[in-house]
Amino acid sequence: MLDLKFVRDNFDLVKENIERKNEKADLSEFLLLEEKRREFIQNTEKLKNERNVVSKEISNLKRTGGNADNLIADMKVVSDKIKEFDDNLKEVELQIQDIITRLPNMLAEFVPVGKSEEDNKVIHHWGEIVPQKLKMNHIEISKALGILDFERGAKVSGSGFSFYIGKGAKLERAIIDFMIDYHVEKHGYTEFWSPFMVNEASMFGTGQLPKMAEDMYFAQEDGMYLIPTAEVPLTNYHRDEILNFEELPKKICGYTPCFRRESGSYGKEVHGFLRVHQFNKVEMVNFALPENSFEQLEILTNEAEDILKALNVPYRRILLCSGDTSFASAMTYDLEIWASGEEKWLEVSSCSNFIDFQARRANIRFKRTPSSKPEFVHTLNGSGVATSRLYATILENNLQEDGNVIIPEALRPYCGFDKIEAK
RNA sequence: GGAGAGGUGGCCGAGUGGCUUAAGGCAACGGUUUGCUAAACCGUCGUAGGGGUCAAACUCUACCGGGGGUUCGAAUCCCCCCUUCUCCGCCA
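The structure presented is a predicted model; accordingly, all values stated were derived computationally and were not measured.

The rules behind each value
- Residues numbered from 1 in each chain as written.
- Chains lettered and ligands numbered in written order.
- Predicted model: local features only at pLDDT ≥ 70, side-chain atom pairs only at ≥ 80, totals over all residues.
- Heavy atoms only, no water.
- Helix = DSSP H or I, 4+ residues; strand = E, 2+ residues; numbered from the N terminus.
- Buried < 20%, exposed > 50% of the residue type's maximum accessible area, 1.4 Å probe, protein only.
- Contact = heavy atoms within 4.5 Å.
- Areas by Shrake-Rupley, 256 points an atom, 1.4 Å probe, with all protein chains shown as cover.
- Lys, Arg positive; Asp, Glu negative; His and termini not counted.
- Charge placed at Lys NZ, Arg CZ, Asp CG, Glu CD.
- Domains from an automatic or database assignment.
- Buried area = accessible area lost by both parts, 1.4 Å probe.
- Salt bridge = Lys/Arg side-chain N within 4 Å of Asp/Glu carboxyl O.
- Nonpolar A, V, L, I, M, F, W, Y, C, P; charged D, E, K, R; others polar.
- Near = heavy atom within 4 Å.
- Polar contact = N/O pair within 3.5 Å; in protein donor to acceptor, adjacent residues only side chain to side chain.
- Pairing = 2+ DSSP bridges.
- Patch = residues over 30% accessible without salt bridge, like charges linked within 9 Å, V, L, I, M, F, W, Y side chains within 5 Å.
- Axes fitted to C-alpha atoms, helices over the stretch in contact; angles between N-to-C directions.
- Parallel < 35°, antiparallel > 145°, perpendicular 65-115°, else oblique.
- Left-handed = near helix turned anticlockwise from the far one by under 90°.

1. Overview of the overall build of chain A
Within chain A one finds 13 helices and 18 strands. Reported as C-alpha extents along the three principal axes, the dimensions of chain A are approximately 100 × 45 × 40 Å. Out of the 423 residues belonging to chain A, those deemed buried represent 49%. Here the contacts in chain A between residues at least 6 apart in sequence split such that 74% fall between residues at least 24 apart. Accessible area of chain A: about 21,100 Å², with a carbon and sulfur share of 48%. Taken together, the 54 basic and 69 acidic charged side chains of chain A have centroids lying 2 Å from each other.

Below, the structure written as structure tokens:
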């Protein structure tokens, strides 16, 4: 969320930012409503002051045995008026709230202006792209190995869900364990295991609500949402809290399944593991000082890359252009890995600096010294990384000519086997 | 799911309709004293939003888990919800 005063004082900048981000947000009423708001505040506060003063007089009169009937009658009128003014004020505040919670975050200055993913900027590549001889994608490979079952996933749940079987299930667990251990041991993260369902306030805090409501699974009876990413529980862990200067930057990570309705996606582009309703992900979250959050974004993105390097997966880092940068983000790097069967770059990580946008929504602050004024922290997060597409890529890139899949060395201690053989 | 007891500032804790603009304490910060530390003493000590100002000073309003209500006036009374604890029931 943007600061109300900031929007008021930088109205044109905010408008321009909305366009650059390719977002739709209506600001036409804003200035008028904001003016109204302040007028209504003055109206009602003036009367409240009067009520407070006279109430004290009434109190004094009653204590000394005087008659306060006239004053009480007067105040009855004033009280009714206050109620009316308060209702007006509340109405205007709701309207302003509705506008301001739908305004996207301000883009960082480094973000290139552009409309779609075609304007994204490739920052660098790593690893060697080796063409795959058998020309099999992960669906065909997994069928040959007997380790994934998309059909029964669809039967039991629906399309976009799958079963992992035998060594296939073990491989998934191995990938997750490997990534968590790596971030904890090599990058200094603290591991968290979090709830997979959260309340509305949490979804608002990280910016999924109100805009993305239709992209999430919602349990109506209990008013809870299935998390689309661990970012939500991990960032909201510190909601409504004041952190100490010394503990920043605070780095936490965690594994969770992620649930996404993906309501707009169909067809061949989304087959197999390319787009699913439930996938596994290790997420890194960083609560940072405002003055070095962009340095932290570089560090965090490097940490996600380390996972790909350790697994020897070719990847490229992409700086998203303004139009592709998400609602809550000020700047985002995507990591894409090369899948030799799909012959495509697949996004497996998105690393963002949200600056104070989420912190203001979720009210996460810090104090520089015990007596200084609280300031909003900067929040960052990045996938480190998402498994499904990584899983698909591991199958495709490590497929041998005999149809077996060799397990990357870093995963072998976690798997307990070094290859999966074709049936 | 049922019954009961709680939720007050960074923390502890008083307060059951009006001298409470939330007592008192701890912690924190500034100062005095002191050879140093400690102690003692004095002062400061919340958040948000208005007004005001070049900026301040200053001033007003709201906030006692959240939301409604009663009243001239609510931390205090009523209703709904959230949450913690104890007991009972059900259950992986």
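2. Quick look at the domain arrangement of chain A
We note that the domain assignment places domain 1 (4-101) and domain 2 (117-420) within chain A. When each unit is reduced to the centre of its C-alpha atoms, the spacing between domain 1 and domain 2 is 43 Å. Summed over both sides, the interface of domain 1 with domain 2 buries roughly 620 Å², with 40% coming from carbon and sulfur. Summed over the three residues of domain 1 that lose the most area to domain 2, namely Lys-21, Glu-23 and Thr-101, the buried surface amounts to 79% of that side. The interface formed by domain 1 and domain 2 contains one salt bridge. The salt bridge partner of Glu-23 is Lys-211, with a shortest N-O separation of 2.6 Å. Per-class residue counts for the side of domain 1 that touches domain 2 are no nonpolar, two polar and three charged.

3. Some details on the protein's contact with RNA strand B
In the vicinity of RNA strand B there are 26 residues, among which Arg-8, Arg-37, Asn-49, Ser-59 and Ser-79 approach most closely. Sugar plus phosphate: this is where 80% of the atoms of RNA strand B within 4 Å of the protein reside. Between RNA strand B and Arg-37 there is a distance of 2.6 Å, counted from a phosphate oxygen to a side-chain nitrogen or oxygen. Of all elements in the fold, only α3 (30-63) and α4 (69-100) reach the threshold of two or more residues within the surface near RNA strand B.

4. Focus: the environment of Arg-316
Summarising the element assignment, Arg-316 is placed in strand β11 (residues 315-319). Judged by relative accessible area, which is 19%, Arg-316 ranks as buried. Separated by 73 residues in sequence, Arg-316 and Leu-243 have C-alpha atoms that sit 35 Å apart.

5. Describing the sheet that holds strand β6 (residues 218-219)
Strand order across the open sheet formed by three strands is β5-β7-β6, with antiparallel pairing between neighbours. Edge positions in the sheet fall to β5 (197-199) and β6, since each of these pairs with one other strand and no more. Across three bridges, the pairing between β5 and strand β7 (residues 224-226) is antiparallel. Paired with Met-197 across the strands is Leu-226, a residue of β7.

6. Looking at the environment of Thr-64
Among the structural elements, Thr-64 can be located in the loop between α3 and α4. Owing to a relative accessible area of 66%, Thr-64 belongs among the exposed residues under this scheme. For the pair Thr-64 and Arg-368, spaced 304 residues apart in the sequence, the C-alpha separation amounts to 51 Å.

7. Observations regarding the pattern of salt bridges
According to the stated counting rule, one finds 22 salt bridges in the structure shown. Measuring nitrogen to oxygen at the nearest pair gives 2.8 Å for the salt bridge that ties Glu-305 to Arg-317. Highlighted residues: Glu-305 in helix α10 (residues 293-310) and Arg-317 in strand β11, separated in sequence by 12 residues. When sorted by exposure, Glu-305 lands in the same class as Arg-317, which is buried. A cluster of three or more residues bridged by salt bridges with shared partners is formed by Arg-8, Glu-34, Arg-37 and Arg-38.

8. What to know about helix α12 (residues 387-397)
Counting buried residues in α12 gives 10 out of 11 residues, a clear majority hidden from the surface. Among all positions in α12, only Thr-387, Ser-388, Arg-389, Leu-390, Tyr-391, Ala-392, Thr-393, Ile-394, Leu-395 and Glu-396 are buried.

9. Regarding a nonpolar patch on the surface
Where nonpolar side chains cluster on the molecular surface, the patch consists of Val-156, Phe-163 and Ile-165 and spans about 260 Å² of accessible area. Assignment of secondary structure puts Ile-165 in the loop between β3 (163-164) and α7 (167-187).

10. Things to note about the side chain of Ser-383
Tracing the chain through its elements places Ser-383 in strand β16 (residues 378-386). On the basis of relative accessibility, which here comes to 8%, the residue Ser-383 falls in the buried class. Those residues in contact with Ser-383 that lie beyond four places of it in its chain are Lys-281, Val-282, Glu-283, Met-284, Ala-304, Val-348, Ser-349 and Ser-350.

11. Examining the side chain of Lys-251
With respect to the element layout, Lys-251 can be found in strand β9 (residues 250-259). Within polar-contact distance, the side chain of Lys-251 engages the side chain of Glu-303 at 2.8 Å. Sequence-distant contacts of Lys-251, that is, excluding residues within four places in its chain, are made with His-187, Gly-188, Tyr-189, Thr-190, Val-285, Asn-286 and Glu-303.

12. Considering the packing of α7 against α10
A pair of packed helices is characterised by two quantities: the angle between their axes and the separation of those axes. Closest axis-to-axis distance for the α7/α10 pair is 11 Å, and the angle between their directions is 125°. When the axis of α7 is compared with that of α10, the two are oblique. With respect to the hand of their crossing, α7 and α10 are arranged in right-handed fashion. For the pair α7 and α10, contact is made by Phe-178, Met-179, Tyr-182, His-183 and His-187 and by Glu-303, Asp-306, Ile-307 and Ala-310, respectively. Looking at the contact of α7 with α10 residue by residue, the class counts come to five nonpolar, two polar and two charged.

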